[in-house]
Amino acid sequence: MPTTLTKTDFHFPGQTAVYHGKVRDVYTINDDLMVMVATDRISAFDVILPKGIPYKGQVLNQIAAYFLDASADIVPNWKMAVPDPMATVGLKAEGVPVEMIIRGYLTGSAWREYKAGAREICGVKLPDGMRENEKFPEPIITPTTKAEEGHDENISREEIIRQGLVSEEHYKKMEEYTRKLFQLGSKMAEEKGLLLVDTKYEFGIRDGKVILIDEIHTPDSSRYFYSEGYKERFEKGEPQRQLSKEFVRQWLIENGFMGREGQKVPEMTPEFIESVSERYIELYEHITGKKFHKADGTDLSDRIKTNVEACLISLRKDF
């Protein structure tokens, strides 16, 4: 089994803060730049699972870089450089504590709520009679709060503004950018024989303007269906073939785990871990159209440290 990076403890030159998230570790440099390291940790139901997934961090980082570059002309983003397969360096922004989730199809948690009788999610009214995996007439935005710990919570546009989580002006811009990004991501997915089902975006404020931060259109933040056979499977009520982290959630559910108190994470066997790694690599190759090249994993921490420090020295000269 290849080595995995599940914990980081870097001390970069000029480092002023560090934040260890569920999957990413974010290092602040001179209160102006960010180093985001995509680890091999995997989370589901807001719980970090006990074992890492080989090459997952590399997949996430490189897919995010691919889409940040592709969308930079329509939405400004934080990315400046990718010095290592698992790390990106970019601009620091004041993060908005809201995740902008946009859904093109009724599936996942939205379907589970709908099936239980909900006809409104995050202030968005849903029609009766919809079926699992059915396409919405228009994509819907269903934001959540971004929790430091525990579960994110659904929240409406009105409540976000009322609570002062972000100004109305900036929220409108976030909605505009969310729709533009989803439109672009859907178009790029369709060109590769995929359907972008739902995804989330995170935004920050820098110099008074909204910019896109974090990752986009990765299997951790997005769900994809194969477009071939979608209609036939939908009409028959069969599960869709998909590329996303949803299969991990389904595996956990089937084994009695949904992140609730008292529940135990099922054993992650080497075979299961390898299958998850292969799924992530498959998505990378399918969505980018590029061959995935496994980076040398002899000493991931030393490699990342060396590459990032060289990048920071270079940026200091140019900045």
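Cut-off values and rules
- Residues numbered from 1 in each chain as written.
- Predicted model: local features only at pLDDT ≥ 70, side-chain atom pairs only at ≥ 80, totals over all residues.
- Heavy atoms only, no water.
- Helix = DSSP H or I, 4+ residues; strand = E, 2+ residues; numbered from the N terminus.
- Buried < 20%, exposed > 50% of the residue type's maximum accessible area, 1.4 Å probe, protein only.
- Contact = heavy atoms within 4.5 Å.
- Areas by Shrake-Rupley, 256 points an atom, 1.4 Å probe, with all protein chains shown as cover.
- Lys, Arg positive; Asp, Glu negative; His and termini not counted.
- Charge placed at Lys NZ, Arg CZ, Asp CG, Glu CD.
- Polar contact = N/O pair within 3.5 Å; in protein donor to acceptor, adjacent residues only side chain to side chain.
- Core = buried A, V, L, I, M, F, W, Y, C linked by side-chain atoms within 4.5 Å.
- Phe/Tyr/Trp six-rings, centres within 6.5 Å; stacked < 30°, edge-to-face > 60°.
- Salt bridge = Lys/Arg side-chain N within 4 Å of Asp/Glu carboxyl O.
- Pairing = 2+ DSSP bridges.
- Axes fitted to C-alpha atoms, helices over the stretch in contact; angles between N-to-C directions.
- Left-handed = near helix turned anticlockwise from the far one by under 90°.

Trainee: Lay out the overall build of the protein in plain terms, naming residues and giving numbers.
Mentor: Check the secondary structure of the protein and you find eight helices and 16 strands. Burial analysis of the protein (319 residues in total) assigns 51% to the buried set. Partitioning the contacts of the protein with sequence separation of at least 6, the portion at a separation of at least 24 is 65%. With the model as given, the accessible surface of the protein reaches about 15,300 Å², and the carbon-plus-sulfur share is 48%. Counting 44 positive and 53 negative side-chain charges, the protein places the averaged centre of each group 2 Å from the other.

Trainee: Residue-level account of the side chain of serine 186, with values.
Mentor: Here serine 186 is to be found in helix H4 (residues 168-191). For serine 186, the side chain forms a polar contact with the main-chain oxygen of phenylalanine 182, separated by 2.7 Å.

Trainee: Give me the lowdown on the nonpolar core, citing residues and values where you can.
Mentor: Residues Phe203 and Tyr224 are the most contacted members of the largest nonpolar core, which totals 62 residues. By residue number, the principal contributor to this core is helix H7 (residues 270-288), which donates eight residues. Discounting chain neighbours no more than four positions away, the residues touching phenylalanine 203 are Gly95, Val96, Met100, Met174, Tyr177, Thr178, Leu181, Val210, Ile211, Leu212 and Ile213. Core analysis: the second largest hydrophobic core is formed by 18 residues, Leu5, Tyr27, Val37 and Ile304 among them.

Trainee: Before we move on, can you summarise the packing of aromatic side chains with the specific residues and values?
Mentor: Applying the stated criterion across every chain, the model contains 13 aromatic pairs. Summarising the aromatic geometry, the rings of tyrosine 55 and phenylalanine 292 are spaced 6.2 Å apart at their centres and angled 75 degrees between planes, so their arrangement reads as edge-to-face. Placement of tyrosine 55 in the loop between strand S5 (47-48) and helix H1 (56-71) and of phenylalanine 292 in the loop between H7 and helix H8 (300-318) is noted, with a sequence separation of 237 residues between them. We note that tyrosine 55, like phenylalanine 292, is buried. Judged by centre distance (6.1 Å) and plane angle (15 degrees), the ring pair of tyrosine 230 and phenylalanine 234 falls under stacked.

Trainee: Before we move on, could you go through the pattern of salt bridges and cite the residues and values that matter?
Mentor: In the structure shown here, the tally under the stated rule is 24 salt bridges. Glutamate 215 serves as the salt-bridge partner of arginine 24, at 2.1 Å between the closest nitrogen and oxygen. Note that arginine 24 is positioned in strand S2 (residues 24-29) and glutamate 215 in the loop between strand S14 (209-213) and strand S15 (222-226), a separation of 191 residues in sequence. Exposure remark for arginine 24: the relative accessible area of 10% places this residue in the buried category. The shortest N-O distance in the salt bridge between glutamate 191 and lysine 187 comes to 3.0 Å. Of the two residues, glutamate 191 and lysine 187 both sit in helix H4, four residues apart, roughly one turn of that helix. Ionic contacts of the salt-bridge type, sharing partners, join the residues Glu99, Lys146, Lys200, Glu202 and Asp214 into one network.

Trainee: Which residues make up the sheet that holds strand S1 (residues 15-20), and what values do they have?
Mentor: The sheet built from five strands is open, its strands ordered S1-S2-S3-S7-S6 with antiparallel pairing. Both edges of this open sheet fall to S1 and strand S6 (79-84), since each of them pairs with a single strand only. Each strand axis lies, on average, 20 degrees off the axis of its neighbour in the sheet, ignoring direction. Alignment of S6 against strand S7 (residues 87-91), held across three bridges, turns out to be antiparallel. Bridge pairing in S7 places lysine 79 opposite glycine 90.

Trainee: Account for the packing of H1 against H4, naming residues and giving values.
Mentor: It is at 11 Å that the axes of H1 and H4 come closest, and there the two elements cross at 115 degrees. You can see that H1 and H4 cross each other, and the crossing is right-handed. Within the contact between the two elements, H1 uses Tyr66, Phe67, Ala70 and Ser71 and H4 uses Leu181, Leu184 and Met188.

Trainee: Can you tell me about the environment of glycine 193, naming the residues and giving the values?
Mentor: The topology assignment puts glycine 193 in the loop between H4 and strand S13 (194-206). Taking the relative accessible area as the measure of exposure, glycine 193 reaches 27% and is therefore partly exposed. Through-space distance from the C-alpha of glycine 193 to that of serine 227 is 5.5 Å; in sequence the pair is 34 residues apart. What glycine 193 contacts, discounting residues up to four positions off in sequence, is Phe225, Tyr226, Ser227 and Glu228.

Trainee: Provide a residue-level description of the pairing of S15, including the pertinent values.
Mentor: Burial within S15 is extensive, with five of its five residues counted as buried. Here five bridges tie S13 to S15, and the two strands are oriented antiparallel to one another. Considered in S15, the bridge of aspartate 198 is made with arginine 223. Summarising the sheet, S15 and strand S16 (residues 242-244) pair through three bridges and their orientation is antiparallel. Looking at S16, one finds that phenylalanine 225 is bridged to glutamine 242.

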